[in-house]
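The residues making up each chain are set out below.
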Amino acid sequence: MRHRVAGRRLGRATDQRMALLNNLVTSLLWHGSVVTTVPRAKEARSIAEKLISLAREDTVHHRRLARRILQPRTGLLRMKEGSYREMPAAGDVAKAAAGRSPSAVANSVKHLFEHVAPQYQDRPGGYTRIVRIGPRRGDGVMQAKLELVDYRAPDLKE
């Protein structure tokens, strides 16, 4: 029996589950919304809320704590026209795509502290919402859209 045991297992080993949730949270903070299953959304919501609360105060310690959770975002550099993400130099593309480089993770941390958290300075909590969008066609599991409340993507065309 799992009396008083917090959290969902999501049918995965601990390392896989943490990697899944960290990637979901990073994508949520980067894009403003993500579509996933309801149990995954509920678990990711708690991590995202804690990260945003942490990022409201910009200190070195808080940046280091956020760095533990956030994943690198290098494959999103060419996402859409007018993207504000910085392109690495020609020689650094392969190095950045090879794994969890410090600059790639710093890009996610910088985005959280400079673009996401300032939008929620006056909000006491409840930064995310879960909207159910119906069953998935393949296996019928309930899908949900996890999104940041009142999120405005930064427009930094320079």
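All of these numbers come straight from a predicted model, not from anything done at the bench.

Asks: What is the right way to look at the sheet that holds strand β3 (residues 142-148) in this model?
Replies: Strand pairs in the sheet, formed through backbone hydrogen bonds, run parallel or antiparallel to each other. Across the sheet, which stays open at both edges, the three strands sit in the order β1-β3-β2 with antiparallel pairing between neighbours. In the strand order of this sheet, the two ends are held by β1 (33-37) and β2 (128-135), each with one partner. Ignoring strand direction, the axes of neighbouring strands in this sheet form an average angle of 25°. The sheet contacts of helix α1 (residues 14-31) involve β1, β2 and β3, and relative to β1 the element is tilted by about 145°.

Asks: Looking at this structure, I do not really get the side chain of glutamate 43. What am I missing?
Replies: Of note, glutamate 43 is situated in helix α2 (residues 38-55). Overall, the relative accessible area of 14% leaves glutamate 43 in the buried class. Once you skip the residues sitting within four places of it in the chain, glutamate 43 turns out to touch Gly7, Arg8 and Leu21.

Asks: Got a minute to help me understand the packing of α1 against α2 in this structure?
Replies: To characterise two packed helices, one gives the angle between the axes of the helices and the distance between these axes. Where α1 contacts α2, the two axes come as close as 9 Å, and the packing angle between them is 60°. The element α1 and its partner α2 pack so that their crossing is right-handed. Two secondary-structure elements touch here, α1 through Leu20, Leu21, Leu24, Val25, Leu28 and Leu29 and α2 through Arg40, Glu43, Ala44, Ile47, Ala48, Leu51 and Ile52.

Asks: Looking at this structure, how should I read the pattern of salt bridges?
Replies: Side chains that differ in sign of charge can pair as their charged atoms come close. Applying the stated criterion across every chain, the model contains six salt bridges. With its nearest N and O atoms 3.0 Å apart, the salt bridge here joins aspartate 139 to arginine 136. Judged by its relative accessible area of 52%, aspartate 139 is exposed. Beyond isolated ion pairs, a larger network of salt bridges with shared partners links Arg129, Lys145 and Glu147.

Asks: Help me understand the pairing of β2, please; the structure alone is not making it clear to me.
Replies: For a regular strand, the rule is simple: side chains alternate between the two faces of the sheet. As judged from the seven bridges shared by β2 and β3, these two strands associate in the antiparallel manner. Across the sheet, the residue bridging to arginine 132 is alanine 144, located in β3.

Asks: Just checking my understanding: could you explain the environment of serine 53 for this structure?
Replies: Locating serine 53 in the fold gives a position in helix α2. Considering only alpha carbons, one finds serine 53 and arginine 123, 70 residues apart in sequence, at a separation of 9.7 Å.

Asks: What exactly am I supposed to notice about the nonpolar core here?
Replies: As a rule of thumb, nonpolar side chains are buried together in soluble globular proteins. The biggest cluster of nonpolar side chains holds 29 residues, and the ones touching the most others in it are Leu29, Leu51, Ile52, Leu112, Val116 and Leu148. Mapped onto this core, the elements with two or more residues apiece are α1, α2, α5 (102-116) and β3. Broken down by element, the residue count for this core peaks at nine residues, all from α2. In this structure, leucine 29 is in contact with Leu51, Ile52, Leu70, His111, Leu112, Val116, Leu148 and Tyr151, ignoring residues within four places of it in sequence.

The rules behind each value
- Residues numbered from 1 in each chain as written.
- Predicted model: local features only at pLDDT ≥ 70, side-chain atom pairs only at ≥ 80, totals over all residues.
- Heavy atoms only, no water.
- Pairing = 2+ DSSP bridges.
- Helix = DSSP H or I, 4+ residues; strand = E, 2+ residues; numbered from the N terminus.
- Axes fitted to C-alpha atoms, helices over the stretch in contact; angles between N-to-C directions.
- Contact = heavy atoms within 4.5 Å.
- Buried < 20%, exposed > 50% of the residue type's maximum accessible area, 1.4 Å probe, protein only.
- Left-handed = near helix turned anticlockwise from the far one by under 90°.
- Salt bridge = Lys/Arg side-chain N within 4 Å of Asp/Glu carboxyl O.
- Core = buried A, V, L, I, M, F, W, Y, C linked by side-chain atoms within 4.5 Å.

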